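# Examining the three-dimensional arrangement
Listed below are the residues making up each chain.
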Amino acid sequence: MQTAAAYIRVSTDDQLEFSPDAQKRAIKEYVKRNNILLNEKYIFIDEGISGRKAEKRPAFMEMICTAKTKPKPFDMILVHKFDRFARNREDSVVYKSLLRKECGIKVISITEQLEDDKFSIILESMLEAMAEYYSLNLSDEVKKGLFEKARRGEHIGKAPYGYDIKDKQLVINEYEFPVVKMIFDMFVNRGYSYAALSKYLNQNKILTKRGGKWRVCTIKYILTNHIYTGLTRYNYRSSDGYTVNSEKEWILAEGSHTAAIDKDTFQKAQQKALKQSDFALKNTKTTNIKVWSQHLICCAECGSRLVLHSSDKGKYFAYECISHSEGICSQNRYWSNRKLEKLILETIKHDMQNPHKMKIEKNIVIPSNEIAVIKHNINKIQQKKDLIKKAYLAEIDTLEEYKSNKMELQKEETQLFYQISLLQKQQQNLQDILNPQILQTFYNALISDTVSIEEKHNIATEFIQKVLLDLQNRSIQIIYCI
């Protein structure tokens with residue numbers, strides 16, 4: 001008796017007839033009619049996932065890895081239609097060829113019966129081409145629909161700070177809405193900068209939409225967002241999520257939500273924002289990050305931030321307590337940043353083994369259900385790590401692809417662990433708050449050769465409040481802010 005696996009995929013745009021249950025039911029009826037054995041553990045399902053790229057379908061990649069094991073686990077892979085297997089002809093050719101030549105496994109559509117002849121090869125290619133055309137066309141149609149909704153003034157996406165979504169409409173968030181008004185007033189009328197606003201909000205324990213700390217980029221996003229004037233805005237950024245499109249590509253339309261500020265105030269905010277951007281551009285050379293420990297090191301004697309000095313045209317750096325020159329501090333020595341950063345890493349490694357001895361400066365309270373959601377996302381990342389490793393070991397992905405995918409997942413995991421560190425309950429004991437696993441993730445990022453100096457600096461400032469350096473005795477104490 002021949003054995004089979006089943007691959008089932010349903011994307012968000014599929015109709016009810018293509019639901020996972022409907023596809024599974026049809027496949028089981030097919031194997032029953034044709035006396036084929038289908039093992040439940042070889043039913044692979046990707047739900048709510050596009051078929052455009054194979055590497056973005058975890059169940060598909062798991063199926064390919066399973067198919068390459070020895071002895072051969074099944075003789076064929078059954079799909080409801082060929083477009084369930086792939087809507088991209090390149091993926092279809094590569095993976096079908098791999099399965100057929102290396103594994104002796106055929107891909108069979110239970111609704112598109114083909115024979116093993118030359119005409120069937122042509123017909124199958126035509127079906128795949130039609131599926132890819134449908135996918136590309138559908139993508140274009142979805143984009144057209146979103147643009148049309150934006151032109152009608154309908155909000156697209158998540159609710160921005162200051163609003164909630166109710167019945168697909170933006171409604172005022174009673175807690176956040178006054179904060180938006182205050183941000184614009186302090187920026188436009190009271191002379192606050194991005195950084196000063198961020199510091200003020202954090203010191204007053206006002207949280208962001210996601211319950212985290214305010215940053216300069218978050219403040220800037222609010223101050224430059226047309227939505228607070230009563231407009232809806234779409235296509236503001238390119239598909240990478242970072243680059244701002246040219247103004248002629250934006251869609252701005254009158255929305256149905258309540259404005260937080262008038263258009264005159266918004267224009268004044270844009271003028272001031274432009275001046276700040278020009279100033280920042282002129283001073284980029286003096287404010288960029290040269291070493292990842294920058295701005296973290298404090299004098300153990302007087303508490304002052306240590307100043308970073310360079311030598312040999314910026315090749316070497318060392319820290320000095322500037323208060324010594326003013327007669328305030330007796331620490332009159334320099335210390336190489338390389339030696340200091342090495343000691344910091346050694347201390348973090350030691351602290352991971354002794355969490356009870358670590359010193360922290362603050363805790364943040366958050367609902368436990370948010371922690372559960374983040375932990376669930378961390379588990380999903382671990383599953384993805386396992387899948388990309390399997391794909392590499394099975395020679396589906398190259399070493400470069402594996403490294404790139406792994407680095408992206410590590411960055412995402414680091415951010416999630418940081419969110420957990422912010423969200424720990426105050427009544428938890430110290431060992432729970434200073435989770436060694438969280439510190440391990442940060443530590444891995446700091447010793448990684450693939451993470452830039454700027455990224456390491458950002459990561460370090462997320463979990464280190466300051467490093468107290470005794471220049472006389474060459475010793476340190478790390479004050480964490482988890």
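First, a word on what this report is: a plain description of the structure on this page. Position labels on residues start from 1 in each chain and follow its written sequence. Only residues with pLDDT of at least 70 are given local features in this predicted model, and only at 80 or more are side-chain atom pairs given and counted; all residues enter the totals for whole chains, interfaces and linings. Excluding hydrogens and water, the side-chain values take into account all heavy atoms of the structure.

This part covers the packing of aromatic side chains. Two descriptors summarise a pair of aromatic rings, namely the distance from one centre to the other and the angle between the planes of the rings. Here a Phe, Tyr or Trp ring, Trp counted by its six-membered ring, pairs with any other such ring whose centre lies within 6.5 Å, and the pair is stacked when the planes are under 30 degrees apart, edge-to-face when over 60, and tilted otherwise. Taken as a whole, this structure holds eleven aromatic pairs when the rule is applied. Measuring from ring centre to ring centre gives 5.7 Å for Tyr163 and Phe177, while their planes differ by 75°; the resulting arrangement is edge-to-face. One end of the pair, Tyr163, is in strand E5 (residues 163-166); the other, Phe177, is in helix H6 (residues 176-188), with 14 residues separating them in the sequence. Looking at Tyr163, the relative accessible area reads 0%, which means it is buried. Relative to Phe266, the ring of Phe184 has its centre 6.5 Å away and its plane inclined at 45°; by these criteria the two rings are tilted. Of this pair, Phe184 sits in helix H6 while Phe266 sits in helix H9 (residues 263-282), and the two are 82 residues apart along the sequence. Side by side, Phe184 and Phe266 carry an identical accessibility label, which is buried. Taken together, the ring pairs in this structure connect Tyr163, Phe177, Phe184, Tyr228 and Phe266 into an aromatic cluster. Over a ring means this: the NZ of a Lys or the CZ of an Arg is within 6 Å of the ring centre and within 35 degrees of the ring normal. One cation-aromatic arrangement involves Lys272 over Phe187; the distance from NZ or CZ to the ring centre is 4.5 Å. Numbering of helices and strands starts at the N terminus; helices are DSSP runs of H or I of at least 4 residues and strands are runs of E of at least 2. For each residue, the accessible area found with a 1.4 Å probe, counting protein chains only, is set against the maximum for its type, and the residue is called buried under 20%, exposed over 50%, and partly exposed in between.

We now examine the side chain of Thr232. The residue Thr232 is located in strand E7 (residues 231-234) in this model. Thr232 has contacts with Ala150, Gly153, Glu154, His155, Ile251, Leu252, Ala253, Gly255 and His257, leaving out every residue within four places of it along the chain. Contacts between residues were defined by any pair of non-hydrogen atoms, one from each residue, lying within 4.5 Å.

Taking 1.5 Å per residue as the helical rise, helix H11 (residues 337-353) with its 17 residues ought to reach 24 Å, and the 25 Å between its terminal C-alpha atoms agrees with that figure. Here H11 has its buried residues at Asn337, Leu340, Glu341, Ile344, Leu345, Thr347, Ile348, Asp351 and Met352. On an axial view of H11, the arc spanned by its buried residues comes to 160°, and they lie on one face. The exposed set on the far side of H11, more than 90 degrees from its buried face, consists of Arg338, Lys339, Lys342 and Gln353. The N-cap of H11, judged by a side-chain oxygen 3.2 Å from the amide nitrogen of Arg338 a few residues on, is Ser336. In this analysis, the expected span of each helix is defined as 1.5 Å times one less than the number of residues it contains. The arc in question is formed by the directions pointing from the helix axis toward the C-beta atoms. Here a polar contact is recorded for every N or O atom pair within 3.5 Å, except that within protein the pair must consist of a potential hydrogen donor and a potential acceptor, and residues adjacent in sequence are included only if both atoms are side-chain atoms.

Counting residues in hydrophobic clusters, the biggest one holds 44 residues, and the most contacted among them are Ile297, Ile344, Ile348 and Phe463. Discounting residues that sit within four places of it in the chain, Ile344 has contacts with Trp292, Ser293, Ile297, Val467, Ile476 and Ile478. Met186, Tyr194, Trp214 and Ile261 belong to the second-largest nonpolar core, a separate cluster that totals 26 residues. What is meant by a nonpolar core is a set of buried Ala, Val, Leu, Ile, Met, Phe, Trp, Tyr and Cys residues, joined one to another through side-chain atoms within 4.5 Å.

On to the side chain of Lys385. Among the secondary structure elements, Lys385 is positioned in helix H12 (residues 368-393). A polar side-chain atom of Lys385 sits 2.8 Å from a polar atom in the side chain of Glu413. Excluding residues within four positions of it along the chain, Lys385 makes contact with Leu409, Gln410 and Glu413.

Let's shift gears to the pattern of salt bridges. When their charged atoms lie close together, side chains carrying opposite charge are able to pair. Whenever Lys or Arg places a side-chain nitrogen within 4 Å of a carboxyl oxygen from Asp or Glu, that contact is recorded as a salt bridge. Applying the stated criterion across every chain, the model contains ten salt bridges. We note a salt bridge from Glu40 to Lys28, for which the minimum N-O separation is 2.7 Å. One end of the pair, Glu40, is in strand E2 (residues 37-47); the other, Lys28, is in helix H1 (residues 20-33), with twelve residues separating them in the sequence. The salt bridge involving Lys385 is made with Glu413; its shortest N-O contact spans 2.8 Å. Linking Lys385 in helix H12 with Glu413 in helix H13 (residues 399-422), this pair joins segments that are 28 residues apart in sequence. Where salt bridges share partners, they join Asp164, Glu176 and Lys209 into one cluster.

For the rest of this paragraph, the subject is unusual backbone geometry. Negative phi characterises most residues that are not glycine, and trans characterises most peptide bonds. Here the bond from Lys70 into Pro71 is cis, since omega is -5°, no more than 30 degrees from zero. Its location among the elements puts Pro71 in the loop between helix H2 (58-67) and strand E3 (76-79). Phi angles above zero are rare outside glycine, and His295 is one such case at about 75°. In this structure, His295 sits in the loop between helix H10 (284-287) and strand E9 (297-299).

Below, the discussion takes up the packing of helix H7 (residues 194-203) against helix H8 (residues 216-223). Pairs of packed helices are described in terms of their axes, by the angle between the two and the distance that separates them. As a rule, the C-alpha atoms of each element are fitted with a line to give its axis, helices using only the stretch in contact, and angles between N-to-C directions run from 0 to 180 degrees. Where H7 meets H8, the closest approach of the two axes is 8 Å, and the angle between their N-to-C directions is 110°. Considered as vectors, H7 and H8 are oriented roughly perpendicular to each other. Taken together, the residues of H8 that come into contact with H7 (itself represented by Tyr194, Ala195, Leu197, Ser198 and Leu201) are Val216, Ile219, Lys220 and Leu223. When its residues are assigned to classes, the contact of H7 with H8 shows seven nonpolar, one polar and one charged. Roughly parallel here means an angle under 35 degrees, roughly antiparallel means over 145, roughly perpendicular means 65 to 115, and every remaining angle is called oblique. Under the scheme applied, nonpolar residues are Ala, Val, Leu, Ile, Met, Phe, Trp, Tyr, Cys and Pro; charged residues are Asp, Glu, Lys and Arg; polar residues are all the others, including Gly.

On a regular strand, one side chain projects to one face of the sheet and the next to the other, so that they alternate. Here strand E1 (residues 3-10) lies mainly inside the structure; seven of its eight residues are buried. Note on pairing: two strands pair once DSSP finds at least 2 bridges between them. Here seven bridges tie E1 to E2, and the two strands are oriented parallel to one another. Of the residues in E2, the one forming a bridge with Arg9 is Asp46. Pairing between E1 and E3: three bridges, direction parallel. Along E3, the bridge assignment pairs Ala6 with Leu78.

This part takes up the pairing of E3. What you see with E3 is no split at all: Met76 and Leu78 on one side and Ile77 and Val79 on the other are buried throughout. Sheet topology places E3 next to strand E4 (residues 106-109); four bridges connect them, and they run parallel. Looking at E4, one finds that Met76 is bridged to Lys106.

Attention now moves to the packing of H6 against H8. The contact between H6 and H8 brings their axes to 10 Å, and the two run at 95°. On the basis of the axis angle, H6 is roughly perpendicular to H8. For the pair H6 and H8, the contacting residues are Val180, Ile183, Phe184 and Phe187 in the first and Ile219, Ile222 and Leu223 in the second. Classifying every residue of the contact of H6 with H8 by side-chain character gives seven nonpolar, no polar and no charged.

To continue, consider a nonpolar patch on the surface. A surface patch of nonpolar side chains, amounting to about 270 Å² of accessible area, comprises Tyr392, Leu393 and Leu399. Given the relative accessible area of 34%, Leu399 is considered partly exposed. Like charges within 9 Å and nonpolar side chains (Val, Leu, Ile, Met, Phe, Trp, Tyr) within 5 Å are joined into patches, using only residues over 30% in relative accessible area that form no salt bridge. To measure how exposed things are, a 1.4 Å probe is used in the Shrake-Rupley method; for residues, cover is taken only from the protein chains shown.

Bringing the sheet that holds strand E12 (residues 334-336) into the picture now. Read from one edge of the open sheet, three strands run E10-E11-E12, paired in antiparallel fashion. Here the strands that pair on one side only, and so sit at the sheet edges, are strand E10 (307-311) and E12. This sheet shows a mean twist of 35° between the axes of neighbouring strands, independent of strand direction. Of the strand pairs in this sheet, strand E11 (residues 316-320) and E12 are connected by three bridges, and their pairing is antiparallel. Residue pairing for E12: Ala318 is matched across the bridge by Ser336.

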